[in-house]
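# Structure assessment
Here is what each chain is made of, one letter per residue.
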Amino acid sequence: MALAKALAFKAISLMIVLIGVLFLTVIILGMTGVSDKILRSILNEQLRGIRQQLATRIKDPNELNKALEQIKQELIKAYGLDKPWYARMHKMVLRILRLDLGYARTIQTFSGSKKISDILKERIPNTILLMTTALLINYGIGLLIGVKLAAKSGTLLDRAVSLYSAVSYAIPTWWLGMLMILVFHYYLHLFPAGGMYSVPPPQGTFLRFLDLLKHVTLPVITLIIALSGSWIYTVRAILISIAQEDFVTVARAKGLPENLVLRRYIIRPAAPPLLTNIILGLAGSMGGAILTETVFGWPGMGTLYYQAIMSVDESLILALTYVFTLIYILARFLLEILYVILDPRVRY
Amino acid sequence: MGVVREAFEEFWQSGVSKAGVVLLAILTAISIYVVLTMPMDFGTRYWNNPLYWADNPKAVPPAWVNHFSKVKHTVHTILIASQPVGVSYKTGVYLKYYNMTYNYVYDDFPSFITLKISNVTFYSEPPVIQLYITRPDGFIIPLYTLSIPSQPSGLPPYRVFSKGSKRILLSGDLYVARALSNFLYEKYGVFLGTTNVMQIGHEQIVFGDMVNKTYFKPLKGKYIISIVLLTHDLRDSIGRVEFVIGGRVYGLMGTDTLGRDLAKGLLFGFPVALLIGFVTSIFTTIIGASLGIISGYVGGKIDELIQRFADIVNNVPLLPILIFLCFIFKGNLWVMIAALIAFGWPGLTIVVRSMVLQIKSAQFVEAAISLGASKWRIMARHIFPNVAPFILAQLIFFTPSAILSEAALSFLGLGDPRIPTWGQILEYGFRNQAIFLGYWWWILPPGILIIISAVTFVFIALGLEPVVNPRLRRWR
Amino acid sequence: MLLEVSNLRLYYRTIRGLVHAVDGVSFDLDKGETLGLVGESGCGKSSTALALMRLLPKNVAVFKGKIILDSEDITSLSEEEFRARIRWKKISMVFQGAMNSLNPVLKVGFQVAEPMIIHLNMDKDEALKRARELFKMVGLSPDFVNRYPHELSGGMKQRVVIAMALALNPELIILDEPTSALDVSIQAQIMNLLKRLKKKLGISMIFITHDIALASDLCDRIAVMYAGNIVELGTAEQVLLDPKHPYAQKLIASVPRLREDRVPEFIPGAPPDLVNPPSGCRFHPRCPYATERCKKEEPPLISLEDGRIVKCWLYG
């Protein structure tokens with residue numbers, strides 16, 4: 001029961017964040033007049049479709065225009081474009097909550113759809129593929145090296161890694177990505193510069209997988225280098241502090257084998273604070289992934305962001321802001337559930 | 001004072017602190033130099049004004065690569081003459097010579113050649129200006145003739161090209177091509193039409209020696225570039241002639257595809273980065289710390305309200321919101337800084353609050369309360385001094401994240417076009433395929449400068465940590 | 001004789017220099033006997049315990065001496081043999097501060113059962129069943145096996161830790177300040193529990209405390225430690241009622257008494273620096289009876305007629 005209550009509390013506070021972001025964006029769009037612009041572009045897109053339909057039935061151009069004008073007026077009313085922005089704010093919020101995100105200006109899906117929800121459906125899995133691959137590898141590497149370093153605290157290697165952590169915090173991920181392309185693509189010709197598959201993609205599942213692997217390598221390495229520094233440092237610091245706890249000495253006194261002590265009495269109790277750090281760093285890691293995508297032209301949300309900015313597409317930016325926040329909050333909530341599983345102290 | 005001194009000595013012990021302070025001193029010195037020597041509207045007046053950079057070679061590496069390369073690349077050179085070296089008279093016409101000598105010692109050809117004429121003064125008929133180049137092999141190529149358009153109205157002396165100089169891009173000019181075609185026939189007996197000459201490139205023919213009638217190799221030696229003013233009136237003159245030999249390498253940091261001197265843009269980035277870092281971190285810290293102190297000390301409903309709000313703001317994913325705001329308010333640096341502040345304070349508020357709660361229960365505060373000290377006095381005299389070292393460390397720690405955030409947003413094309421930053425230089429490079437064309441001088445330096453400026457503050461923050469922490473631990 | 005410790009030395013390396021934490025400690029212990037190890041904090045009592053368990057910190061410089069348990073020299077065992085055969089099976093320990101002795105993310109029942117699973121190859125259910133019995137024995141509800149440490153009070157946690165120490169029926173339990181972190185009323189409960197266990201199970205114990213009164217409550221014999229040495233060792237009665245060593249005298253005089261109209265004394269001077277221990281007798285700078293000899297020569301362990309041992313020139 002208490003468990004459900006704790007999770008419900010988390011869920012509510014995360015929902016407030018989502019709604020808060022939504023309202024903030026909608027209010028800013030309304031106040032700056034951008035929401036009018038977005039609605040008009042949706043309306044025009046719809047009118048174009050209607051025009052094509054009507055054109056098959058009504059042959060007289062005057063008749064056609066008249067009919068269209070009538071429909072247009074109806075639509076303006078329906079969208080609330082005849083009213084000030086705050087009067088239709090709730091409609092806009094509801095529309096976004098239903099993921100009815102409108103149409104993109106120039107970007108389309110492979111099949112040619114300009115519907116933003118279609119575009120996102122195509123892009124999000126790619127982002128999640130890149131992000132989860134990079135983050136999971138990063139967390140794994142950080143744990144391995146952090147554990148090793150914790151045992152060697154104070155050595156030269158340990159201090160070198162601390163310095164690396166400080167510098168890696170200061171490296172912009174996206175710049176590192178550019179550097180990687182310059183070195184490994186331009187000079188060494190080892191990896192493709194960007195994208196997800198070669199053009200044209202190779203035939204056969206296995207070859208396609210290899211091709212994907214080749215394309216994913218550089219962005220993943222970039223992300224890992226940029227993120228691992230502070231993560232290794234965190235793992236090391238947390239493990240060192242736990243290794244000094246009394247219960248670790250007790251475990252040794254109990255005659256438990258050393259690897260069991262490490263696993264069950266150092267790493268396992270470190271899981272909740274480590275997870276807390278992952279949760280705190282989640283937004284930053286996701287941001288890093290978004291920027292890395294842009295550099296490598298990875299066809300995900302990050303590249304979409306860049307394309308939206310370059311094509312000055314307000315609807316798409318709004319949709320991305322909302323969907324990114326939504327994904328972040330879902331990921332956050334999954335981690336919170338994991339936290340509750342890992343840390344008995346919050347369960348009751 | 002003793003405490004401060006002691007704290008400083010402790011801080012100064014570690015290597016990272018020293019490195020951080022030295023770096024900060026360098027960054028500050030460069031920034032002061034830039035503020036004193038470069039105009040504040042550098043961005044609009046020069047950086048984003050392509051005309052200003054028109055005489056520069058496009059996308060060439062820094063000049064110092066010649067030290068590391070076997071092939072010596074043509075260094076960008078501007079020859080200037082403003083006084084005639086001699087006058088001669090021939091059949092009713094005076095010839096005024098403006099000569100420039102150029103020692104050509106490179107293994108490749110210039111990227112372009114340009115002639116610039118300014119301030120031509122005449123009294124009666126408009127004069128004619130001719131350009132001759134005397135090559136090391138003794139050949140003289142009459143490269144170009146410029147007739148001054150018919151005289152303007154009014155009384156003499158008449159002046160032309162006085163507002164802006166007349167700029168003639170000799171490379172690719174059809175007239176020059178004809179002259180070169182003649183030259184090739186005369187010297188090598190090779191007949192090449194203007195189209196072929198254009199394909200080869202004027203610079204190659206002017207500064208080259210034809211080998212086997214097939215290709216050109218650089219002809220090293222002394223070139224004399226003469227500008228001749230043909231006139232009927234001895235008082236007529238040219239104010240200034242410039243002959244630009246477009247380099248294959250340029251300056252300290254090379255140029256971008258617009259010919260902009262990257263050294264200048266990078267230099268201007270120093271004060272901007274520090275400004276962004278400091279303004280953001282100072283305001284973030286002030287807001288975060290005061291809300292934290294109020295929240296922790298006043299408690300009750302206000303505490304609850306501040307903490308709930310801080311929690312919500314703290315959980316907002318920063319990047320999409322920043323992109324959204326900067327996109328809607330079209331590349332405005334102040335909006336960007338305001339957004340960074342607006343979403344940056346909660347972390348500090350939450351931590352400071354918990355520290356204040358600990359200090360509040362310390363004996364000396366209870367003693368002050370029982371002595372009847374007012375709330376504000378206790379906050380200012382007892383609580384603030386105890387959290388101040390931590391707040392200072394946070395101030396330092398916020399700085400790099402602001403610099404990095406600005407760079408990231410600039411990279412996404414959301415920078416403020418009025419104020420060039422390192423991130424914007426990188427974005428322009430990225431958009432112009434610099435990484436796929438191997439323009440390393442365009443990509444490496446801005447990134448390295450971003451890292452150095454961020455690392456400066458990370459180092460100082462790391463050095464402050466042991467100084468600040470034991471002071472905190474007392475209350476734990 | 002269950003345990004014979006002779007000339008045990010344990011030095012640590014620190015930035016300031018070598019710390020002589022345990023410097024030639026010798027004592028023995030019979031089956032079913034309880035020995036109190038009493039002294040100020042920093043006198044080497046806990047280090048002696050850690051040395052017996054061979055739980056040495058990383059910065060150990062010297063670890064010497066002979067420890068014979070059940071007529072076996074356990075100092076000559078390899079690390080792995082020591083872990084598998086001695087730790088918890090023969091010697092278990094209740095650590096200072098029960099609050100932190102339990103892993104916060106494991107159920108307490110499992111933590112009690114764990115040594116049985118590891119050392120006796122019991123399966124988990126069997127071990128947990130035995131853990132429930134142990135819980136009952138230490139006065140906890142058997143259902144508490146399914147709780148996490150944070151769900152228990154300090155006294156309950158201490159009982160869990162004691163149950164854990166009993167899990168493998170060890171021959172010797174070392175109790176390192178088992179009650180110092182607890183409220184006085186809970187302290188009494190735990191002491192009663194220990195007395196009951198001692199009577200019921202007949203286990204040998206080493207009881208480490210700074211509180212000599214508490215030690216006298218439980219122990220058959222008491223060893224008083226000062227600056228890494230045992231300065232007096234005798235029956236509880238002897239040491240408590242008629243201490244011979246000047247330090248032991250001072251220590252006992254410093255204990256407040258309820259029914260006596262006497263101001264508790266304090267011991268003048270500060271505890272010695274274990275990096276540069278005083279020459280000769282380590283207590284001489286604080287000793288009212290110190291002579292020139294005390295400054296120069298370290299007193300030997302002197303056996304008195306009543307069987308006790310004193311390390312003091314007054315008796316030599």
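Because the structure is a prediction, the values reported are computed rather than measured.

## What to know about the overall build of chain C
In terms of regular secondary structure, chain C is built from 10 helices and 12 strands. Expected size for 316 residues packed as a compact globule is a radius of gyration near 20 Å; at 20 Å, chain C falls within 12% of this value. Summarising its shape, the C-alpha atoms of chain C cover approximately 65 × 50 × 40 Å along the three principal directions. Within chain C, buried positions represent 47% of all 316 residues. For chain C, long-range pairs separated by at least 24 residues make up 63% of all intrachain contacts whose partners lie at least 6 apart in sequence.

## Description of the overall build of chain A
Along the backbone of chain A there are 12 helices and zero strands. Secondary structure elements in chain A, listed N-terminal to C-terminal, are α-α-α-α-α-α-α-α-α-α-α-α. Taking 2.2 N^0.38 as the reference for a compact globule, 348 residues should give roughly 20 Å; the C-alpha atoms of chain A span a radius of gyration of 26 Å, well beyond that estimate. The principal-axis extent of the C-alpha atoms belonging to chain A is close to 95 × 55 × 35 Å. A burial count over chain A gives 36% of its 348 residues as buried. Restricting to contacts in chain A with at least 6 residues of sequence separation, those with at least 24 account for 71%.

## With respect to the interface of chain A and chain C
Counting residues at the interface gives 17 residues for chain A and 23 residues for chain C. Put simply, the parts of the chain that give the side of chain A that touches chain C at least two residues each are α9 (246-253) and α10 (258-296) of chain A. If one sorts the elements of the side of chain A that touches chain C by residue count, α9 of chain A sits on top with six residues. For the side of chain A that touches chain C, the residue count by class is eight nonpolar, two polar and seven charged.

## Concerning the interface of chain A and chain B
Opposite the 41 residues of chain A that make contact, chain B presents 36 residues. It is helix α1 (residues 2-31) of chain A that contributes the most residues to the side of chain A that touches chain B, nine residues altogether. The class makeup of the residues in the side of chain A that touches chain B is 33 nonpolar, eight polar and no charged.

## Here we look at the sheet that holds strand β1 (residues 3-13) of chain C
Residue and element names in this part refer to chain C. Taken in spatial order, the four strands of this open sheet run β2-β1-β4-β5, and their pairing is antiparallel. Only two strands of the sheet have a single neighbouring strand rather than two, namely β2 (18-29) and β5 (72-73). Relative to β2, β1 runs antiparallel, the two being bridged by nine bridges. Each residue of the ladder has a partner; that of V5, found in β2, is F27.

## Notes on the arrangement of the chains
Looking at the two pairs of chains with contacts, the pair that accumulates the most is chains A and B. Nowhere do chain B and chain C come into contact; their C-alpha atoms are at least 17 Å apart.

## Topic: helix α13 (residues 375-414) of chain B
For α13 of chain B, built from 40 residues, the straight-helix expectation of 58 Å at 1.5 Å per residue is missed by more than 12%, its first-to-last C-alpha distance being only 45 Å. Along its length, α13 of chain B reaches its greatest deviation from straightness, about 50 degrees, at F384 of chain B, and the proline P385 of chain B lies no more than four positions downstream.

## Re unusual backbone geometry
Here V199 of chain A and P200 of chain A are connected by a cis peptide whose omega angle stands at -10 degrees. As for its position among the elements, P200 of chain A is in the loop between α7 (173-187) and α8 (205-243). That bond from P156 of chain B to P157 of chain B is cis: its omega, 0 degrees, falls within 30 degrees of zero. Tracing the backbone through its elements, the reader meets P157 of chain B in the loop between β6 (140-147) and β7 (158-160). Even without being a glycine, N121 of chain C presents a positive backbone phi close to 55 degrees.

## Structural notes on the sheet that holds strand β11 (residues 302-303) of chain C
All names here are of chain C. Read from one edge of the open sheet, eight strands run β6-β7-β8-β3-β9-β10-β12-β11, paired in mixed fashion. Each edge of the sheet is formed by a strand with only one pairing partner; in this case those strands are β6 (91-94) and β11. In this structure, strand β9 (residues 221-226) lies alongside strand β10 (residues 229-235), joined through six bridges in antiparallel fashion. Bridge pairing in β10 places Y226 opposite N229.

## Topic: the domain arrangement of chain A
All names here are of chain A. What the domain assignment reports for chain A is domain 1 (2-97) and domain 2 (116-342). In this structure, domain 1 and domain 2 have C-alpha centres spaced 36 Å apart. Contacts between domain 1 and domain 2 engage 17 residues on the former and 13 residues on the latter. If you list the elements that add at least two residues to the side of domain 1 that touches domain 2, you get α1 and α2 (34-57). Among the elements that line the side of domain 1 that touches domain 2, the one with the most residues is α1, at 12 residues.

## A look at the nonpolar core
The biggest cluster of nonpolar side chains holds 257 residues, and the ones touching the most others in it are I323 of chain B together with I206 and V224 of chain C. Looking at which domains feed residues into this core, each of domain 1 (2-97) and domain 2 (116-342) of chain A supplies at least three.

## So, the pairing of strand β4 (residues 60-69) of chain C
Pairing of β1 of chain C with β4 of chain C, which is carried by eight bridges, proceeds in the antiparallel orientation. Bridge pairing in β4 of chain C places Y12 of chain C opposite V60 of chain C.

## Notes on the environment of T101 of chain B
Residue and element names in this part refer to chain B. By secondary structure assignment, the location of T101 is in strand β3 (residues 93-104). Taking the C-beta count within 10 Å as the criterion, T101 has 12 such neighbours and is therefore assigned exposed. Aside from chain neighbours lying at most four places away, what touches T101 is K222 and I224.

## A look at the confidence of the model for chain C
Residues and elements named next belong to chain C. Mean pLDDT for chain C: 90, with 98% of residues reaching 70 or above. Mean pLDDT per element in chain C: helix α7 (residues 212-218) is the minimum at 88, and helix α3 (residues 108-120) is the maximum at 95. As a predicted assembly, this complex carries a pTM of 0.86 together with an ipTM value of 0.89.

## Comments concerning the environment of R54 of chain C
Checked against the element boundaries, R54 of chain C lands in the loop between α1 (45-53) and β4. Placed 33 residues apart in sequence, R54 of chain C and R87 of chain C show a C-alpha to C-alpha distance of 8.7 Å.

## Section: the packing of α1 of chain A against helix α4 (residues 89-97) of chain A
Residue and element names in this part refer to chain A. The interhelical angle for the contact between α1 and α4, taken along N-to-C directions, is 130 degrees, at an axis separation of 10 Å. Relative to α4, the element α1 lies oblique. Seen along the crossing, α1 lies across α4 with a hand that is right-handed. Listed contacts from α4 to L22, F23, V26 and G30 of α1 are M89, M92, V93 and I96. Classifying every residue of the contact of α1 with α4 by side-chain character gives seven nonpolar, one polar and no charged.

## Concerning the environment of T77 of chain B
Residues and elements named next belong to chain B. Secondary-structure assignment places T77 in strand β1 (residues 77-81). The exposure class of T77 is partly exposed, given the 15 C-beta atoms found within 10 Å. Each C-alpha atom of the pair T77 and Y250 lies 9.0 Å from the other, and the pair is 173 residues apart in sequence. The contacts of T77, once residues within four sequence positions are left out, are Y102, I245 and G247.

So, how was this worked out
Residues numbered from 1 in each chain as written. Chains lettered and ligands numbered in written order. Predicted model: local features only at pLDDT ≥ 70, side-chain atom pairs only at ≥ 80, totals over all residues. Helix = DSSP H or I, 4+ residues; strand = E, 2+ residues; numbered from the N terminus. Rg over C-alpha atoms; globule rule 2.2 N^0.38 Å. Buried ≥ 20, exposed ≤ 12 C-beta atoms within 10 Å, placed from the backbone. Contact = placed C-beta atoms within 7 Å. Nonpolar A, V, L, I, M, F, W, Y, C, P; charged D, E, K, R; others polar. Pairing = 2+ DSSP bridges. Expected span 1.5 Å × (residues − 1). Bend = angle between axes of the 7 residues up to and from the residue. Domains from an automatic or database assignment. Core = buried A, V, L, I, M, F, W, Y, C linked by C-beta atoms within 7 Å. pLDDT = per-residue confidence, 0-100. Axes fitted to C-alpha atoms, helices over the stretch in contact; angles between N-to-C directions. Parallel < 35°, antiparallel > 145°, perpendicular 65-115°, else oblique. Left-handed = near helix turned anticlockwise from the far one by under 90°.

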